[in-house]
Amino acid sequence: LRLRNHWLSSRSEATAAQVVTHMGALQSQELWSGEWSIGLRSTSLEEGAVQAATAHGQILRTWPMRGTIHFVPASDARWMVALGRTSAFKGVERRREFLGLSEDDAVAAIGILRDALADGEPVTRSECTRLLEDAGVMTDTSHGYHLLWFASQHGATCIGPQAGKEQTFVALDRWVDDHNDLSRDESLAEIAFRYFDSHGPAARKELGRWAALPAADVRRAIDLAGERLSPVATELGEMLVSRSVAETLDGSSIDPPDESSDVLLLSGFDEYMLGYGDRSAIMTAEQMKLVVPGSNGVFRPTVVDDGTVVGTWKRAVKKTRVDVIVSPFGELNARQRKGVDRAAADYARFL
């Protein structure tokens, strides 16, 4: 059921904006990872279409939750960042003290960046940091990330389209024509619905971990979402899905994915992996150590067979091709090997 709700076994010809809106947010600290997470959920998207959606201001990358970069719908970026701001700023004073920055420095950086981006055009990351250096705000290379993050957390900026291999920044209000302005209660209800609609079945506490919301806000969000959500019984206990999903269930077993999509090559930071704190439904603790060696928070891309992680993979980008190298947890059977071939071909189509 998670595969279906993630649009991993029930893909359509969705646009990049439709995929991102359905998912709510897709973790994307690695650009290629986020782009492939979008492409994998549509039968028609190629890499260029995802990049075009970014360039045309339909989707964008910013820091809406957990201090981590995500793809979000451009029109929802402002309320999503505002919703996660309280938790994002916990411990920020200690972090600035460690870096040797003051609050005045951080506030001044917002004004500098807002002025630099006032014409609405993207400015490269290196140019942004040069401007901060010239103004005397950024006095160490370690300051750049914090100041750029801080400005984005205040809704002044967001990450723009790539300029070659370099990241750019844009002024959020100039870059996005039409903002969805939601109250805090409306934001809580909407984030709860989108999470359980796309990530369900999921335990209630998983919303708090994913959206970085305190327990009281999680309870309020679920209450405010009201009849848009429904409980469903799973092998790990009662969880929530959207009401529309629940209405498709009649107590019978979930239909298996189409054979053409039974094996998936997921990016390292795909929401199927990062959308939950409890991953016991899809792999063992020992396998988890192979996916995140050293428990350092860096997830290797995974090979998933009918919802279960059966190995990892990596890509080797060469001049005229991309090699896919699979490291299975155990020997793959003939069906799984054919599935990997199909999944690799799907990735080739996307590129």
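As the structure is a prediction and not an experimental result, all values here were calculated from the model. (Residues numbered from 1 in each chain as written. Predicted model: local features only at pLDDT ≥ 70, side-chain atom pairs only at ≥ 80, totals over all residues. Heavy atoms only, no water.)

S.K.: What is the right way to read the pattern of salt bridges from this model?
M.R.: Two side chains carrying opposite charge are able to pair once their charged atoms lie near each other. Within this structure, the stated rule accounts for 22 salt bridges. Between Glu 190 and Arg 194 there is a salt bridge whose closest N-O contact spans 2.8 Å. Of the two residues, Glu 190 and Arg 194 are both situated in helix H11 (residues 184-199); the distance of 4 residues between them amounts to about one turn of the helix. For Arg 194, a relative accessible area of 9% gives the class buried. Asp 305 is paired through a salt bridge with Arg 335; the nearest N and O atoms lie 2.7 Å apart. Here Asp 305 is found in strand E10 (residues 302-305), whereas its partner Arg 335 is found in helix H17 (residues 334-350), with 30 residues between them in sequence. On the basis of relative accessible area, Arg 335 is assigned to the partly exposed category, the value being 36%. Taken together, the salt bridges that share partners define one network made up of Asp 76, Glu 190, Arg 194 and Arg 228. (Salt bridge = Lys/Arg side-chain N within 4 Å of Asp/Glu carboxyl O. Helix = DSSP H or I, 4+ residues; strand = E, 2+ residues; numbered from the N terminus. Buried < 20%, exposed > 50% of the residue type's maximum accessible area, 1.4 Å probe, protein only.)

S.K.: Where do I start with the environment of Arg 220 in this structure?
M.R.: Position of Arg 220 among the secondary structure elements: in helix H13 (residues 215-225). Owing to a relative accessible area of 40%, Arg 220 belongs among the partly exposed residues under this scheme. Distance in space between the C-alpha atoms of Arg 220 and Ala 189 is 8.0 Å, their sequence separation being 31 residues. Not counting residues up to four positions away in its chain, the partners in contact with Arg 220 are Asp 185 and Leu 188. (Contact = heavy atoms within 4.5 Å.)

S.K.: Honestly, the nonpolar core in this entry has me stumped. Any pointers?
M.R.: Here is a general trend for soluble globular proteins: nonpolar side chains tend to be buried in one another's company. Ranked by size, the top nonpolar core spans 40 residues in total, and within it Ile 38 and Ile 59 carry the most contacts. Elements with a contribution of two residues or more to this core: helix H2 (16-23), helix H3 (31-39), helix H4 (47-55), strand E9 (263-266), helix H15 (271-274), E10, strand E11 (308-317) and H17. Ignoring anything within four residues of it in the chain, the contact list for Ile 38 reads Ala 16, Val 19, Val 20, Leu 26, Leu 45, Val 50, Ile 59 and Phe 71. Judged by nonpolar contacts, the second largest core, of 32 residues, contains Leu 172, Leu 188, Leu 207 and Ala 221. (Core = buried A, V, L, I, M, F, W, Y, C linked by side-chain atoms within 4.5 Å.)

S.K.: Is there a simple way to think about the packing of aromatic side chains in this case?
M.R.: Working definition: an aromatic ring pair is given by the centre-to-centre distance plus the angle between the planes. One pass over the full model with this rule turns up 11 aromatic pairs. Ring centres of Trp 36 and Phe 350 lie 5.2 Å apart, and the angle between their planes is 55°; this geometry places the pair in the tilted category. One end of the pair, Trp 36, is in helix H3; the other, Phe 350, is in helix H17, with 314 residues separating them in the sequence. In this pair, the class of Trp 36 matches that of Phe 350, namely buried. (Phe/Tyr/Trp six-rings, centres within 6.5 Å; stacked < 30°, edge-to-face > 60°.)

S.K.: Is there a simple way to explain empty space enclosed by the protein in this structure?
M.R.: Over the atoms a probe the size of a water molecule is rolled, and this reveals where empty space is left. Considering all chains together, one arrives at 1 cavity of 30 Å³ or more under this definition. Here the largest cavity defines a volume of roughly 50 Å³. Considering the residues around the largest cavity, the lining is formed by Pro 64, Met 65, Met 80, Leu 83, Gly 84, Ile 191, Ala 211 and Leu 213. For the lining of the largest cavity, the secondary-structure elements that each account for two or more residues are strand E2 (59-65) and helix H5 (77-88). Broken down by element, the residue count for the lining of the largest cavity peaks at 3 residues, all from H5. (1 Å grid on protein atoms, 1.4 Å probe; cavity = no way out; pocket = protein on both sides within 12 Å on 5 of 7 lines; lining within 4 Å. Points joined across faces, edges and corners; volume = space filled by probe spheres on them.)

S.K.: Got a minute to help me understand helix H6 (residues 92-99) in this structure?
M.R.: Each α-helix turn comprises 3.6 residues. Residues three or four places apart therefore point the same way. When we look at burial in H6, the residues that qualify are Val 92, Arg 96 and Leu 99. In an axial view of H6, the angular spread of the buried residues amounts to 60°, which keeps them on one side of the axis. Counted as exposed and oriented over 90 degrees from the buried face of H6: Glu 93, Arg 94, Glu 97 and Phe 98. (Arc of directions from axis to C-beta.)

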